[in-house]
Structures are given as structure tokens and as C-alpha cells.
Amino acid sequence: MLRLLLALLLTLAAGLAAPGLAGAQGAMTAVKAKDLVRARLVAESEALVPGRTVTLGLHMAMKPGWHVYWRNPGDSGLPPEMAWRLPEGFTVGPVQWPVPERIPVQTLMNFGYEGAVTLLVPLAVPESARAGETVRLSGTLSYLVCEEICIPGSAELSLDLPVAASAEPASGQAALFARARAALPEALPEAAPGSYRTTRAGDRLVLHLDRPGLAGVTEAAFFPYAEGALDNAAPQDLAVDAAGLHLTLTPGDAKVAPEALAGVLALTEDGTRKAYALGPEPAPAPTAAAAIPAAPETPPAPAEEETLTLWSAAGLALIGGLLLNLMPCVFPVLSIKVLSLVRQAGESATRVRLHGLAYTAGVLASFLGLAGLLIALKAGGAGIGWGFQLQSPVVVALLAYGLFAMGLSLSGAVHLGGGIVGLGDGLTRRAGYQGSFFTGVLATLVATPCTAPFMGAAVGFALTQSPLAALTVFASLGLGLALPFLGLTLVPQALRLLPRPGAWMDVLKGALAFPVYATVAWLVWVLAQQVGPNGLLAGLTGLVLVALAAWAWERARGAGRLGTGFGRVAAVAALAAALGLVAILDGDRAAARTALAQGEEAFTQARLDALRAEGRTVFVDMTAAWCITCQVNERTVLAREGVQAAFRGGQVVYLKGDWTNQNPEITRLLEHHGRSGVPLYLVYRGQGEAQVLPQILTEGIVLAAIGQKDVAAAQ
């Protein structure tokens with residue numbers, strides 16, 4: 001049975017590594033991004049004029065068959081982004097995006113550009129610019145170029161322009177800028193300002209362009225600004241009548257309200273393509289449009305924290321790791337390990353210390369392994385963060401299987417040897433240390449859904465640093481998690497405080513199975529948020545097969561050579577069938593569906609931008625079904641009547657972002673605030689910057705942040 005548990009752990013490790021291997025396949029290919037995309041920075045004028053605005057162009061030419069992405073990439077991908085390095089006083093405005101094409105990739109629908117594209121960017125020249133000097137405009141253009149595989153790339157672009165009292169158009173660039181402007185969407189004609197509207201038709205949306213004379217339109221496509229607003233791959237059904245055009249769309253995960261739907265409508269009319277911008281454009285992300293001084297690049301610091309150094313971040317990570325021991329997701333595993341420590345209390349001090357060191361090694365190896373995979377995937381362009389492995393239903397199911405097997409052992413349904421965590425009969429003393437090591441691995445895996453205080457800033461900082469610095473911070477986090485148990489084993493006097501071994505241990509051992517089963521129940525609930533009915537049935541059937549494998553293994557003990565062989569073959573077959581069912585899960589992925597209570601709205605960047613433009617107060621709750629800290633905050637603080645009444649009475653809009661499955665919009669907002677995982681709580685008041693709240697909420701903190709100080713003071 002030990003081999004069965006080890007198989008589960010190895011399969012779990014394979015599930016964690018699979019996304020990384022897929023990304024590595026693209027990264028290791030002989031094709032390089034620079035061979036697929038030729039990028040250059042061009043200007044519309046020969047010179048810069050003080051106090052004037054000049055248009056720059058980010059021109060990208062792709063190899064045939066390859067594409068880059070629009071501002072909303074669709075079902076996958078990332079848009080190009082320029083990190084500018086400009087002299088003091090020079091500023092760039094938002095990118096002007098040409099109309100994209102619909103690019104189908106298997107069952108997905110992406111929005112992007114093939115062939116070549118020019119992104120126009122306005123550059124404001126300060127009055128202080130002196131005629132006669134030469135100015136260097138430069139930056140790093142990052143992009144993702146895709147065919148059947150995707151390869152992240154970057155290009156260092158620069159352009160030297162003189163400052164003059166007047167400027168002529170740049171020679172040779174007029175045609176390029178003319179084509180770029182012709183590719184931009186137009187505003188609706190002023191004669192018909194109210195001609196665009198969206199209505200509901202059952203579970204679909206209908207976009208109406210109420211303009212007569214559109215009988216020549218043969219094709220139409222709508223590109224929403226907000227990611228997740230529509231089911232991008234669903235058909236967009238076109239109908240044209242005397243009143244105008246009607247395009248039926250399928251809403252996506254965000255369940256956007258009809259009146260909030262905004263984007264670009266592209267039409268093919270009498271063989272000519274036209275496009276109109278409908279609704280307000282979302283405000284650009286500050287990191288994408290803001291200029292930075294021409295100086296060595298430094299990673300962004302978290303907006304809500306003082307600037308961290310490597311050692312201060314490592315210190316915060318150590319404290320956060322210590323506090324992880326108090327989180328409910330870690331309790332079942334640690335309680336089992338403490339029980340094993342009681343059994344080992346009578347052993348030599350050297351052996352007990354080695355158990356503590358083995359457990360610590362398991363924790364550190366797991367933290368560094370997960371961190372290394374996370375760093376590699378982010379370097380490959382993936383939009384993920386801490387806890388990313390739990391966004392995979394395969395990993396969630398495998399973790400549930402492993403914990404279920406452990407619970408069956410604690411309940412006595414299967415005999416896993418004399419050790420508390422199951423070491424097997426006849427194993428050597430070294431195998432006991434392996435048991436402590438794998439307990440550390442399991443403690444790490446079940447700790448990742450939790451975010452303790454101080455962790456968010458430290459992990460967010462780590463992921464903006466070099467790999468060595470990042471791994472140092474994650475090692476500090478793991479050391480903090482392991483430190484309490486390690487301290488007990490290193491101080492023999494502390495072991496004397498523990499009760500003596502006895503029959504009570506068997507009773508406690510059985511009792512500890514129930515928090516493990518509770519963790520399994522929670523993981524099944526998480527799985528239910530990620531997959532459809534068929535996937536959930538496969539996951540539950542897998543649990544039954546794990547129980548069957550344990551039963552067959554236990555029945556084989558003492559049944560003679562033939563019976564032992566048959567029982568073990570049956571156990572392995574049942575376990576293999578359980579693992580085989582895991583393959584169904586990714587094929588039955590469901591949209592993330594965090595329940596929205598009355599008064600809550602699903603988060604989209606477009607909706608947030610619109611509310612801020614109106615000057616509204618907005619509370620943003622970034623959560624996930626697998627984040628226990630999030631669930632505790634929601635039930636003990638955010639659901640309280642006092643907070644709900646303040647939301648209603650204070651005219652506060654509550655936006656909830658669900659990160660149970662990957663969501664690029666949420667990932668970008670997390671990264672903008674120096675975070676790599678949930679929970680993240682933001683309060684916007686008017687058009688000012690967000691206030692970042694602590695990860696552990698109280699009613700008073702929330703009420704004070706949304707401007708209900710009198711109510712908060714009374715709490």
C-alpha cells in the first residue's frame with residue numbers, strides 16, 4: 001500500500017509539472033520569437049516639437065501563419081506590451097488598437113493580427129525640451145507569438161529624434177501610418193448617437209445597430225473589450241432587416257450586463273470592411289501606458305507596501321510561513337505529524353532530530369519545486385500566481401485521492417505499518433525518514449490554498465525578482481512553515497512535555513481521520529466549481545476506486561501467496577482506473593462560478609473602469625473556491641449584516657473576481673498590486689488609486705475603508 005501512496009504522490013507531481021513541460025516544449029523549440037516577429041519603433045515626424053504630440057508606431061511583422069494578440073486576446077494569449085524608458089517630462093498615451101481578426105485555434109477563438117500590425121501610441125513632448133538636442137525614445141516590447149505553439153518574445157526598441165521648432169512628416173513612413181489609421185475602428189456617426197444598444201434574448205445577448213441601409217452587410221463580428229464577457233468561440237448569428245443589424249452573442253463567464261457590453265463591431269459591407277467602436281473604452285492599465293525615466297530597470301514595488309528589500313521580504317515570508325501553521329488547511333497534516341512525534345518521544349534524541357530535519361527537507365523541497373515551476377511558467381508568459389496548481393482539477397482530484405487514502409489508514413480500514421503516516425511493514429529505519437519527508441511534501445501541498453498575513457507582499461515581491469532572489473524568499477516561507485515542528489525535534493526537553501505513548505493514541509489516531517475527510521470533502525467541493533457534471537462524477541468514482549484499492553490491499557494481507565498476489569493486482573488495477581478517470585477532468589472544465597449574492601457583480605476590468613469614471617466607491621474581492629482564507633473572510637466578515645448594510649446604504653458597488661480557474665484579467669490586477677495570489681481586497685473611492693486591505697479582514701477594517709467610519713467606530 002505504501003507503493004500505492006507513493007504512486008499517488010508521483011502522479012500528483014506529474015500533474016503539477018505538466019503545465020511546465022508544455023510550456024518548456026515551446027521554449028526549447030529551435031524556433032526563436034525574434035525569427036517570427038520583426039519589431040521596430042517608428043515616428044510619424046522627423047523631429048519632436050516642444051509642447052506638441054507626435055504619434056509613434058510599434059510595428060510588428062509576423063512570419064506567415066503566426067499571430068500576435070489584440071488588447072483582449074480572446075480565449076488564450078497575451079497582448080503586446082511596451083515598457084517605456086523616456087526622458088523626464090515625456091509621456092505616452094494609451095495604445096490605439098487596430099481592428100483584430102477572429103483566429104480559431106482548435107476549440108478556442110482568439111483575437112489578434114496576422115501578417116503585420118502597427119500599434120499607434122501618442123507621445124507628449126514637454127515644453128522644456130530644448131531645440132537642438134537629440135532625444136532617445138526606447139523600451140522593451142514584450143509579446144506572445146503563436147501558431148500551434150506559443151513562444152514568448154521581447155524586443156529592445158529605440159529611436160533617436162532631434163528636437164526642433166517645427167517638424168516635417170517622416171520620409172517613407174506616410175503609407176505605414178495611413179494604413180495604421182485606416183485599420184482603427186471609427187466612432188458611430190454623430191447623426192445616430194443612440195443607434196447602438198444591447199438586449200437580452202433568453203440566455204443570449206443581441207447587439208442592435210439601428211441604422212437603415214445595411215442590407216449590403218454580409219459578415220459581422222463583435223470583439224468585446226472585457227475578457228470573459230462573451231463565449232468567444234460561440235457562433236455570432238447575424239440578421240439584417242430594414243431597421244438595421246442584429247448580432248446574437250453568447251455571454252461568457254463574466255455574465256456582463258447588456259448595458260455594460262462594449263467593444264468593436266466589424267462589418268463587411270459590399271465587400272468592404274468597416275469597424276465601429278461601441279461603448280466606452282476601458283482605461284489603460286497604468287503599467288502599460290505610463291512612461292518611466294531613462295534609467296536601469298527596477299521591478300515594480302507593491303503599491304500598498306513600503307519598498308521591500310530581499311531580506312525584508314524574506315523576513316515577511318518567514319513570519320507568513322509560521323502563521324501558515326495556524327491555517328485550517330494545514331491542521332490535519334500537522335496534527336498527524338505531532339501524533340507521530342509522541343510515538344517517537346522515547347527514541348534517541350539523534351533519531352528524533354533526523355525526523356525533524358527530514359520533515360523540513362520535504363517542506364523546503366516542495367516549496368522550492370513549486371516556486372521554480374511558477375517562476376518558469378511566468379517567464380514563459382503564463383498568467384498564473386501562487387496556488388496556481390489548484391486551478392487544475394487534475395491536481396485537486398489527485399490531492400483528494402491521496403488524503404482520502406491517508407484517512408482510510410487513520411481509520412484502520414487499511415494497515416500501512418507501524419508509523420502514524422504509514423511506513424509499511426519491514427521497512428528500514430531510513431524509510432521512516434522518508435515518511436517524515438513526504439509528510440513535509442503533503443503539508444506544503446495542502447498549505448498552498450491558504451494565504452497568511454505578510455505572505456502576499458513577500459510572494460508578490462519574489463516574483464518580480466531574479467530567480468535566485470525569488471527562491472530565497474520561497475525558501476524562507478517554507479522554513480517558517482517547518483520551524484515549529486523542527487524546533488520541537490531539535491530541543492529534546494520539549495518532547496518531555498508531550499504525553500507518554502499509550503492506548504489513547506489509537507483513539508486519537510482514528511479521530512484525526514475526520515479532519516482529513518473534511519479536507520477531502522472541501523477538495524471535492526472545489527472540484528465541483530471547476531468541472532461539469534461528468535467531471536465531478538469521474539472524480540467521485542475515483543474516490544470509490546481508491547477505497548476499493550485500499551480494501552483489496554488489506555484483504556491480501558495474510559491471505560497466502562496466491563491471495564496476496566491477486567489482492568495486490570486488484571488494488572493496483574483499481575488505483576490505475578482511478579487515475580485513468582482523472583483524464584476526463586480537463587475535458588469537462590466548467591466556467592468558474594463563484595456564487596454571487598444579491599448586490600454583488602462579477603468583476604471585469606471594463607466594469608471597474610466604468611465605475612471609477614463615474615466616481616463610485618468600489619469594493620473588489622479577488623477570491624477562489626480553493627482559497628480557504630477567502631472563504632473564511634467572506635463568511636465571517638463580508639457576509640455580516642453590518643457590512644452588507646453599509647454596502648447598500650453607502651452606495652458601494654461590490655465586484656467579485658473568481659480565480660478558481662485561470663483568468664488573465666484577475667492575474668493582471670493582482671500583479672499590478674504586487675500580488676501573485678488571492679485573497680486581494682481593494683477599495684476604490686472615486687478615480688483615486690486603490691486602497692489595499694489586509695488579507696485577514698475584520699468588520700471594522702472594511703467599514704472604515706468604504707467610508708463608514710462612524711459605523712466602524714461603533715463596532
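For every chain, the first residue of the written sequence is number 1, and numbering continues from 1 along that sequence. A pLDDT threshold of at least 70 governs which residues receive local features in this predicted model, and a stricter bar of 80 or more applies before side-chain atom pairs are shown or counted, although totals over entire chains, interfaces and linings include all residues. As a rule here, side-chain values cover all heavy atoms of the structure and leave hydrogens and water aside.

Enquirer: I'd like to hear about the overall build of the chain, residue by residue, with values.
Expert: Helix numbers and strand numbers start at the N terminus; a helix is a DSSP run of H or I with at least 4 residues, a strand a run of E with at least 2. A tally of helices and strands in the chain yields 23 helices and 23 strands. Summary of the burial criterion: residues with accessible area below 20% of their type's maximum are buried, those above 50% are exposed, and those between are partly exposed, where the area comes from a 1.4 Å probe applied to protein chains only. Taken over 715 residues, the chain has a buried fraction of 51%. Only heavy atoms enter the contact rule, under which two residues are in contact if any of them lie within 4.5 Å. Of the contacts made within the chain by residues no fewer than 6 positions apart, 76% connect residues no fewer than 24 positions apart. Accessible area for the chain stands at about 31,000 Å²; split by element, carbon and sulfur atoms hold 60% of it. Residue-level accessible areas treat just the shown protein chains as cover; the underlying method is Shrake-Rupley with a 1.4 Å probe.

Enquirer: I'd like a rundown of the packing of helix 8 (residues 393-410) against helix 15 (residues 533-556), residues and numbers included.
Expert: For any two helices packed against each other, one specifies the inter-axial angle together with the distance between the axes. Relative orientation of the contacting elements helix 8 and helix 15 amounts to 35 degrees, with a least axis distance of 10 Å. The two elements helix 8 and helix 15 meet at a crossing, and its hand is right-handed. Here helix 8 contributes Ala 400, Tyr 401, Phe 404, Ala 405 and Leu 408 to the contact with helix 15, which in turn contributes Ala 538, Gly 539, Gly 542, Leu 543, Val 546, Ala 547 and Ala 550. Per-class residue counts for the contact of helix 8 with helix 15 are ten nonpolar, two polar and no charged. To get an axis, fit a line to the C-alpha atoms, keeping to the stretch in contact for a helix; angles then go from 0 to 180 degrees between the N-to-C directions. If you view the pair so one helix is near and one far, a crossing is left-handed when the near helix is turned anticlockwise from the far one by less than a right angle, and right-handed when it is turned clockwise. In this count, Pro and Cys sit with the nonpolar residues alongside Ala, Val, Leu, Ile, Met, Phe, Trp and Tyr, while Asp, Glu, Lys and Arg are called charged and the others, Gly among them, polar.

Enquirer: Tell me what's going on with the side chain of Arg 85, and back it up with residues and numbers.
Expert: Position of Arg 85 among the secondary structure elements: in strand 4 (residues 81-85). In this structure the side chain of Arg 85 is engaged in a polar contact, spanning 3.2 Å, whose partner is the side chain of Thr 140. Among the polar contacts listed, one links the side chain of Arg 85 to the side chain of Glu 156, at a separation of 2.8 Å. In the analysis that follows, any N or O atom pair within 3.5 Å is treated as a polar contact, provided that within protein one partner can donate a hydrogen and the other can accept it, and provided that, for residues neighboring in sequence, both atoms belong to side chains.

Enquirer: Could you give an account of unusual backbone geometry, with specific residues and numbers?
Expert: For Asp 270, which is not glycine, the phi torsion reads 50 degrees and is therefore positive. With respect to the helices and strands, Asp 270 occurs in the loop between strand 17 (263-269) and strand 18 (272-278). For Asp 270, a relative accessible area of 64% translates into the label exposed.

Enquirer: I'd love a proper account of the sheet that holds strand 2 (residues 53-62), names of residues and values included.
Expert: Within the open sheet, the four strands sit side by side as 1-2-8-5. Their pairing is antiparallel. Taken across any chain shown, the strands that pair with only one partner, and hence form the sheet edges, are strand 1 (37-43) and strand 5 (91-92). Alignment of strand 1 against strand 2, held across seven bridges, turns out to be antiparallel. Paired with Val 37 across the strands is Met 62, a residue of strand 2. Should DSSP find at least two bridges between two strands, the strands are regarded as paired.

Enquirer: Any details on the nonpolar core? Residues and values, ideally.
Expert: To define a nonpolar core, start from buried Ala, Val, Leu, Ile, Met, Phe, Trp, Tyr and Cys residues and group those joined through side-chain atoms within 4.5 Å. Counting 47 residues, the largest nonpolar core has Leu 48, Leu 58, Trp 84, Phe 90, Leu 123 and Leu 137 as its most contacted members. Membership of the second largest hydrophobic core comes to 37 residues, among which are Met 622, Val 653, Ile 666 and Ile 706.

Enquirer: How would you summarise a nonpolar patch on the surface if you had to cite specific residues and measurements?
Expert: Only residues whose relative accessible area exceeds 30% and that form no salt bridge are eligible for patches; like-charged ones are grouped when within 9 Å, while nonpolar side chains (Val, Leu, Ile, Met, Phe, Trp, Tyr) are grouped when within 5 Å. Between Lys or Arg on one side and Asp or Glu on the other, a salt bridge is scored when a side-chain nitrogen of the former is within 4 Å of a carboxyl oxygen of the latter. Among the surface-exposed residues, Leu 354, Leu 357, Leu 490 and Val 491 lie close enough to one another that they form a single nonpolar patch of about 310 Å² accessible area. With respect to the element layout, Val 491 can be found in the loop between helix 11 (467-490) and helix 12 (492-495). For Val 491, a relative accessible area of 39% puts it in the partly exposed group.

Enquirer: Please provide a residue-by-residue account of the environment of Thr 55, values included.
Expert: Mapped onto the elements of the fold, Thr 55 is located in strand 2. Taking C-alpha positions, Thr 55 is 8.8 Å from Ala 124, a pair spaced 69 residues apart along the chain. If we skip the residues at most four places from it in the chain, Thr 55 touches Val 42, Ala 43, Glu 44, Leu 120, Val 121, Pro 122, Phe 177 and Arg 181. A distance of 3.3 Å separates the side chain of Thr 55 from the side chain of Arg 181, its partner in a polar contact.

Enquirer: So, the pairing of strand 10 (residues 150-162): which residues are in play, and what are the values?
Expert: The side-chain alternation of strand 10 yields one buried face, formed by Ile 151, Gly 153, Ala 155, Leu 157, Leu 159 and Leu 161, and one unburied face, formed by Cys 150, Pro 152, Ser 154, Glu 156, Ser 158, Asp 160 and Pro 162. Two strands pair when backbone bridges link them, and strand 9 (residues 134-146) and strand 10 are joined in this way by 13 bridges, in the antiparallel orientation. Along strand 10, the bridge assignment pairs Leu 141 with Ala 155.

Enquirer: Requested: an account of the packing of helix 8 against helix 14 (residues 513-530), with residues and values cited.
Expert: As a packed pair, helix 8 and helix 14 sit with axes 9 Å apart at the nearest point and diverge in direction by 160 degrees. With respect to helix 14, the axis of helix 8 lies roughly antiparallel. The way helix 8 lies across helix 14 gives a crossing that is left-handed. Within the contact between the two elements, helix 8 uses Pro 393, Val 396, Leu 399, Ala 400, Leu 403, Phe 404, Gly 407, Leu 408 and Leu 410 and helix 14 uses Ala 513, Val 516, Tyr 517, Thr 519, Val 520, Leu 523, Val 526, Leu 527 and Gln 530. When describing relative orientation, an angle under 35 degrees is termed roughly parallel and one over 145 degrees roughly antiparallel, while 65 to 115 degrees is termed roughly perpendicular and anything else oblique.

Enquirer: Which residues make up the packing of aromatic side chains, and what are the values?
Expert: Only centres within 6.5 Å qualify two rings of Phe, Tyr or Trp (six-membered ring in Trp) as a pair; their planes then separate them into stacked at under 30 degrees, edge-to-face at over 60, and tilted for everything else. Inspection of every chain in the model, using the stated rule, returns ten aromatic pairs. When the ring of Phe 514 is compared with that of Tyr 517, the centres are 6.0 Å apart and the planes differ by 75 degrees; the resulting orientation is edge-to-face. One end of the pair is Phe 514 and the other is Tyr 517, both in helix 14 and three residues apart, which spans about a single turn. Exposure remark for Phe 514: the relative accessible area of 55% places this residue in the exposed category. For Tyr 517, a relative accessible area of 22% gives the class partly exposed. Taking the centre distance of 5.3 Å and the plane angle of 75 degrees together, the rings of Phe 647 and Tyr 654 count as edge-to-face. Given a relative accessible area of 6%, Phe 647 falls into the buried group.

Enquirer: Talk me through helix 8; I want residue IDs and the actual numbers.
Expert: Here the expected span of a helix is defined as 1.5 Å times the quantity of residues minus one. If you check helix 8, its first and last C-alpha atoms are 26 Å apart, about what 18 residues at 1.5 Å a residue would give, namely 26 Å. Within helix 8, 18 of the 18 residues are buried, which leaves it mostly tucked inside the rest of the structure. Gly 412, located one to two residues past helix 8, shows a positive phi value of around 85 degrees.

Enquirer: Requested: an account of the sheet that holds strand 22 (residues 680-685), with residues and values cited.
Expert: Here we have five strands laid out as an open sheet, ordered 19-21-20-22-23, and mixed in their pairing. The open sheet has two edge strands, strand 19 (600-602) and strand 23 (691-692), and neither has a second partner. Where strand 20 (residues 617-623) lies against strand 22, six bridges are found, and the strand directions are antiparallel. Among the inter-strand pairings, Val 620 is bridged to a residue of strand 22, identified as Leu 682.

Enquirer: Give me the lowdown on the pattern of salt bridges, citing residues and values where you can.
Expert: Under the criterion given, the structure shown has 14 salt bridges. The closest approach of N and O atoms between Arg 130 and Glu 133, which form a salt bridge, is 3.9 Å. Given the relative accessible area of 60%, Arg 130 is considered exposed. Its salt-bridge partner being Arg 640, residue Glu 699 comes within 3.2 Å of it at the nearest N-O pair. Here the residue Glu 699 occupies a position in helix 22 (residues 699-705), and Arg 640 occupies one in the loop between helix 19 (628-638) and helix 20 (641-649), the gap between them amounting to 59 residues. Glu 699 gets classed as buried once you look at its relative accessible area, which sits at 8%. The exposure class of Arg 640 is partly exposed, given its relative accessible area of 43%. The structure contains a network of salt bridges with shared partners spanning Glu 600, Glu 634 and Lys 656.

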